[in-house]
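# Notes for the structure review
The residues making up each chain are set out below.
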Amino acid sequence: MSAAFPEIFEHLFVLGRPAGGKSEFIDFMKTCPADERARTYGIGRFEEIDDFPWLWEACVEDDRREARGEARLVSERTAEGYNITQPKFRGRLVERFNEAIARTYLSNPRFYDEGTLLIEFARGTDDGFRESLERFDPLILARGAILYIKVSFEESCRRNSARYKPGQEESILFHKVPDKDMLGFFRDNDWETITGGAPDGRLDLAGVSVPFVSMLNEPESTDPIVLGERYARALGRLRALARTR
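Note that the structure is predicted; figures quoted are calculated from it, not measured.

### A short note on the side chain of H11
- Note on placement: H11 falls in strand β1 (residues 11-16).
- Exposure remark for H11: the relative accessible area of 0% places this residue in the buried category.

### Side note on the packing of aromatic side chains
- Evaluation of the coordinates by the stated rule reveals 18 aromatic pairs.
- For the ring pair W54 and F97, a centre distance of 5.0 Å and an interplane angle of 70° mean the geometry is edge-to-face. One end of the pair, W54, is in helix α3 (residues 52-67); the other, F97, is in helix α5 (residues 94-106), with 43 residues separating them in the sequence.
- When its relative accessible area of 0% is taken as the criterion, F97 is described as buried.

### Some words on the environment of E10
- Residue placement: E10 occurs in the segment before β1.
- Looking at E10, the relative accessible area reads 8%, which means it is buried.
- Distance from E10 to G196, taken between C-alpha atoms, is 26 Å for residues 186 residues apart in sequence.
- Engagement of the side chain of E10 in a polar contact is seen with the side chain of R143, the distance being 3.1 Å.

### A word on the pattern of salt bridges
- Evaluated as defined, the whole model comprises 24 salt bridges.
- Among the salt bridges present, the one from R72 reaches E66, with a minimum N-O distance of 3.0 Å.
- With a shortest N-O distance of 3.8 Å, E131 and R135 are connected by a salt bridge.
- In this structure R135 comes out as partly exposed when scored by relative accessible area, which is 30%.
- Overlapping salt bridges bring together E61, R64, R68 and E70 as one network.

### Describing the layout of surface pockets
- In this structure, the largest pocket occupies an estimated 340 Å³ of space.
- Every residue lining the largest pocket is counted, 16 residues in all, and those nearest its centre are E24, S221, T222, L227 and Y231.
- Every element with two or more residues in the lining of the largest pocket is listed here: α1 (22-31), α9 (153-163) and α12 (224-243).

### Let's talk about the pairing of strand β6 (residues 144-150)
- With respect to burial, β6 is a largely interior element, six of its seven residues being buried.
- Across six bridges, the pairing between β1 and β6 is parallel. If you follow H11 over to β6, its bridge partner there is G144.
- Where β6 and strand β8 (residues 208-216) come together, five bridges link them in parallel fashion. Bridged to L147 within β8 is V213.

### Focus: the packing of helix α2 (residues 34-41) against α12
- Where α2 meets α12, the axes come as close as 8 Å, and the angle between the chain directions of the two elements is 55°. It follows from the interaxial angle that α2 and α12 lie oblique. Residues A38, R39, T40 and Y41 of α2 touch α12, and the partners they reach there are G228, Y231, A232, L235 and R239.
- Of the residues that constitute the contact of α2 with α12, the class distribution is five nonpolar, two polar and two charged.

### Details of the packing of α1 against α12
- Packing of α1 against α12 brings their axes to within 11 Å, and their N-to-C directions diverge by 100°. By the criterion of interaxial angle, the relationship of α1 to α12 is roughly perpendicular. Of α12, the residues touching α1 (which contributes E24, F25, F28 and M29) are P224, L227, G228, Y231 and L235.
- Across the contact of α1 with α12, the residue classes tally to seven nonpolar, one polar and one charged.

### What about unusual backbone geometry?
- Note that the residue after E218, namely P219, is joined by a cis bond; omega there is -5°.
- With respect to the helices and strands, the residue P219 is situated in the loop between β8 and α12.
- Despite not being glycine, A19 shows a phi value in the positive range, around 65°.
- Unlike most non-glycine residues, A206 shows phi in positive territory, near 55°.
- The topology assignment puts A206 in the loop between β7 (200-205) and β8.

Reading the values: rules and limits
- Residues numbered from 1 in each chain as written.
- Predicted model: local features only at pLDDT ≥ 70, side-chain atom pairs only at ≥ 80, totals over all residues.
- Heavy atoms only, no water.
- Helix = DSSP H or I, 4+ residues; strand = E, 2+ residues; numbered from the N terminus.
- Buried < 20%, exposed > 50% of the residue type's maximum accessible area, 1.4 Å probe, protein only.
- Phe/Tyr/Trp six-rings, centres within 6.5 Å; stacked < 30°, edge-to-face > 60°.
- Polar contact = N/O pair within 3.5 Å; in protein donor to acceptor, adjacent residues only side chain to side chain.
- Salt bridge = Lys/Arg side-chain N within 4 Å of Asp/Glu carboxyl O.
- 1 Å grid on protein atoms, 1.4 Å probe; cavity = no way out; pocket = protein on both sides within 12 Å on 5 of 7 lines; lining within 4 Å.
- Points joined across faces, edges and corners; volume = space filled by probe spheres on them.
- Pairing = 2+ DSSP bridges.
- Axes fitted to C-alpha atoms, helices over the stretch in contact; angles between N-to-C directions.
- Parallel < 35°, antiparallel > 145°, perpendicular 65-115°, else oblique.
- Contact = heavy atoms within 4.5 Å.
- Nonpolar A, V, L, I, M, F, W, Y, C, P; charged D, E, K, R; others polar.

So this is what it looks like as structure tokens:
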């Protein structure tokens with residue numbers, strides 16, 4: 001939590017399955033008045049960092065390679081977007097997180113006076129949450145707390161299809177993870193294993209004790225009152241854990 005504003009998260013990891021509600025959570029916070037957001041949810045003047053643009057960038061670079069007659073390195077094209085074909089590629093993107101966060105935020109301590117950085121990503125079978133989280137710089141983890149937005153795989157698939165808007169495949173809110181990637185990579189993940197199925201607690205990550213809360217995000221709702229109450233309960237539990245770090 002922030003030293004100047006002890007109720008505000010400094011780094012909030014927003015994790016979960018594709019289309020489980022991570023981007024919708026962030027979008028909700030953008031519409032929330034700043035004072036209410038800080039008081040009710042512990043999120044200050046916030047910025048966000050997400051690995052989806054880096055994934056998309058790598059796939060587009062593969063398109064350029066293919067156009068030059070070269071082999072694709074990390075992806076294959078589908079009608080719905082791209083599948084990632086290189087094992088462990090997502091986990092290696094944590095180095096991009098580390099570099100960007102060190103350059104823009106850790107080097108600017110005043111950001112944390114009133115600010116919260118939201119760090120968003122999804123993980124799956126061969127490249128799990130623990131493996132990625134433990135790649136983060138301990139200085140980032142030491143300021144961190146984790147909100148895991150929990151939905152079933154079936155619900156993730158349903159929402160993934162429902163949000164898709166053809167022609168907006170590069171959009172964070174409207175892209176679709178292709179069915180092959182959903183079935184091959186995102187069907188299972190290690191969150192329940194690394195947390196022991198607990199709804200909240202702490203994870204030892206790279207020698208740092210990081211508080212976490214799993215928030216059930218089913219049934220789906222677009223009602224801001226329902227969502228606000230859901231988020232407030234989960235983040236209230238997370239703030240209580242973070243105070244005792």
